[in-house]
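Chains, contacts and geometry: an overview
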Amino acid sequence: MAKKKTKKSGKKSDEQLKKSGDLAAKITEKLCVAPGFELSSLDASSTPGYKGDKAEAEELLAASVAELGELQERLYANGRDGDGTSVLLVIQGMDTSGKGGIMRHVVGSVDPQGVSLTSFKAPNAEERKHPFLWRIRKALPKPGMIGVFDRSHYEDVLIARVRNLVPATTWQRRYSQINTFEKSVTDNGTRIIKVMLHIDADEQKARLMERLDRSDKWWKFNPGDIDERELWDAYQEAYQAALDKTSTDSAAWYVVPANRKWYARLAVQQILLQHLRELDQPWPDADFDVEEQKARLEAS
């Protein structure tokens, strides 16, 4: 018998749903990269779509966890049969931009059995034998899963471009290859959400200095971070090109001002929440006779 799917009402009041819905929709709209977007013109300390303070943002972050968890569970439940939708959340940003905080405070707030997290480092010897998207394809989320990429295939048009790791003709071709790849991924039922965490050079300097000032953060510091920082302008140019060339209708970029960590966490959570709402995943109906099983259970 084919499974029917029915919706189940949530626990939030209509007023709460409207407020949280308005916030998620507003932030998602404000941060989506549109034609003509200029990274250099975006204030990394701004809070587009949100007028509250840090304390209220932290309350909203906590208040949205229950709905986020339910929507993730619906997604997971609908993928248990090996079919259905999945979500891919791509997180990019300069060193110290707050990727780890997103993993802890946003991704870490949902059921880990429904999440697949991949942190992409420099390709190993085996990966270098294959086209640059080979290792990305292997890590795509299965139906029902939220896949999270901590860095991604975009390193192949960022650091590869800035550090001249491949000829210019190679990284120039990769933009169209990425678009073709992402279109095929979305056509196969995966919702792609691409987030750039945007900090400015002064904020990065302060965060790196904090790592040097505190012995409990020395483990986070890498002298190579300063080497990369010296190429700041080249990285900003590379990010601008990636945003211009690969923000598409099916796989848009969202640039999140991230000088204020509390805003960045709230914004990424609300963008993810908005996309999960749009998927409109109902609870799957039972593929068995519920009353019959109740009777069996009573008799056991």
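Here the structure is shown first, and the text comes after it.
Cut-offs and rules
Residues numbered from 1 in each chain as written. Predicted model: local features only at pLDDT ≥ 70, side-chain atom pairs only at ≥ 80, totals over all residues. Heavy atoms only, no water. Helix = DSSP H or I, 4+ residues; strand = E, 2+ residues; numbered from the N terminus. Rg over C-alpha atoms; globule rule 2.2 N^0.38 Å. Buried < 20%, exposed > 50% of the residue type's maximum accessible area, 1.4 Å probe, protein only. Contact = heavy atoms within 4.5 Å. Areas by Shrake-Rupley, 256 points an atom, 1.4 Å probe, with all protein chains shown as cover. Lys, Arg positive; Asp, Glu negative; His and termini not counted. Charge placed at Lys NZ, Arg CZ, Asp CG, Glu CD. Arc of directions from axis to C-beta. Polar contact = N/O pair within 3.5 Å; in protein donor to acceptor, adjacent residues only side chain to side chain. 1 Å grid on protein atoms, 1.4 Å probe; cavity = no way out; pocket = protein on both sides within 12 Å on 5 of 7 lines; lining within 4 Å. Points joined across faces, edges and corners; volume = space filled by probe spheres on them. Expected span 1.5 Å × (residues − 1). Bend = angle between axes of the 7 residues up to and from the residue. Pairing = 2+ DSSP bridges. Axes fitted to C-alpha atoms, helices over the stretch in contact; angles between N-to-C directions. Nonpolar A, V, L, I, M, F, W, Y, C, P; charged D, E, K, R; others polar.

Across its full length, the chain holds 13 helices and seven strands. For 300 residues, the compact-globule estimate of 2.2 N^0.38 gives 19 Å, and the C-alpha radius of gyration of the chain, at 21 Å, lies within 12% of that figure. Along the three orthogonal principal directions, the C-alpha set of the chain runs to about 70 × 45 × 40 Å. Residue burial in the chain is summarised as follows: out of 300 residues, 47% are buried. Taking the intrachain contacts of the chain between residues at least 6 apart in sequence as the baseline, contacts between residues at least 24 apart amount to 82%. A total accessible area of about 16100 Å² is found for the chain, and carbon and sulfur atoms account for 50% of it. Positive and negative charge centroids in the chain, built from 46 and 46 side chains respectively, lie 2 Å apart.

Attention now moves to helix α2 (residues 54-63). Listing the buried residues of α2 in full gives Ala57, Leu60 and Leu61. Projected down its long axis, α2 shows its buried positions confined to an angular sector of 105°, all on one face. Away from its buried face, by an angle of more than 90 degrees, α2 presents the exposed residues Glu59 and Ala62. Of the residues that open α2, the one with a side-chain oxygen 3.4 Å from the backbone nitrogen of Ala55 is Asp53.

Moving on: the environment of Trp134. For Trp134, the position within the fold is in helix α6 (residues 134-138). Sequence separation between Trp134 and His153 is 19 residues; the distance between their C-alpha atoms is 9.6 Å. Sequence-distant contacts of Trp134, that is, excluding residues within four places in its chain, are made with Glu126 and Glu127.

Let us look at empty space enclosed by the protein. Inspection of every chain in the model, using the stated rule, returns two cavities of 30 Å³ or more. What the largest cavity holds in volume is close to 50 Å³. The wall of the largest cavity is formed by Ser97, Gly98, Gly101, Ile102, Ala258, Lys261, Ala264 and Arg265. Those elements that place two or more of their residues in the lining of the largest cavity are α4 (99-105) and α12 (261-279).

Let us look at helix α8 (residues 168-187). With 20 residues, α8 extends 30 Å from end C-alpha to end C-alpha; this agrees with the ideal 28 Å at 1.5 Å per step. Approximately 30° is the largest bend angle found in α8, and it occurs at Tyr175. What α8 keeps buried is the set Thr170, Trp171, Arg174, Tyr175, Ile178, Phe181, Glu182, Val185 and Thr186. Contact partners of the buried residues in α8: α6, α7 (159-162), β5 (190-198) and α11 (232-246). Where α8 terminates, the next one or two residues include Gly189, which has phi positive at roughly 100°.

Below, the discussion takes up the sheet that holds β5. With parallel pairing, five strands are arranged side by side in an open sheet as β3-β4-β2-β5-β6. Every other strand in the sheet has two partners, leaving β3 (115-119) and β6 (253-257) as the edge strands with one partner each. On average, each strand axis in the sheet is tilted by 20° relative to the strand beside it, whichever way the strands run. Judged from the five bridges that link them, β3 and strand β4 (residues 146-150) form a sheet pairing that is parallel. Looking at the pairing, Ser119 lines up with Asp150 of β4.

Each pocket or cavity is described by its volume, and for the largest pocket that value is around 1400 Å³. The set of elements that each furnish at least two residues to the lining of the largest pocket consists of α4, α5 (125-128), α7, α9 (201-213), α10 (224-229), α11 and α12. Counting residues per element, the lining of the largest pocket draws most heavily on α4, at four residues. Looking at the lining of the largest pocket residue by residue, the class counts come to 14 nonpolar, ten polar and 21 charged.

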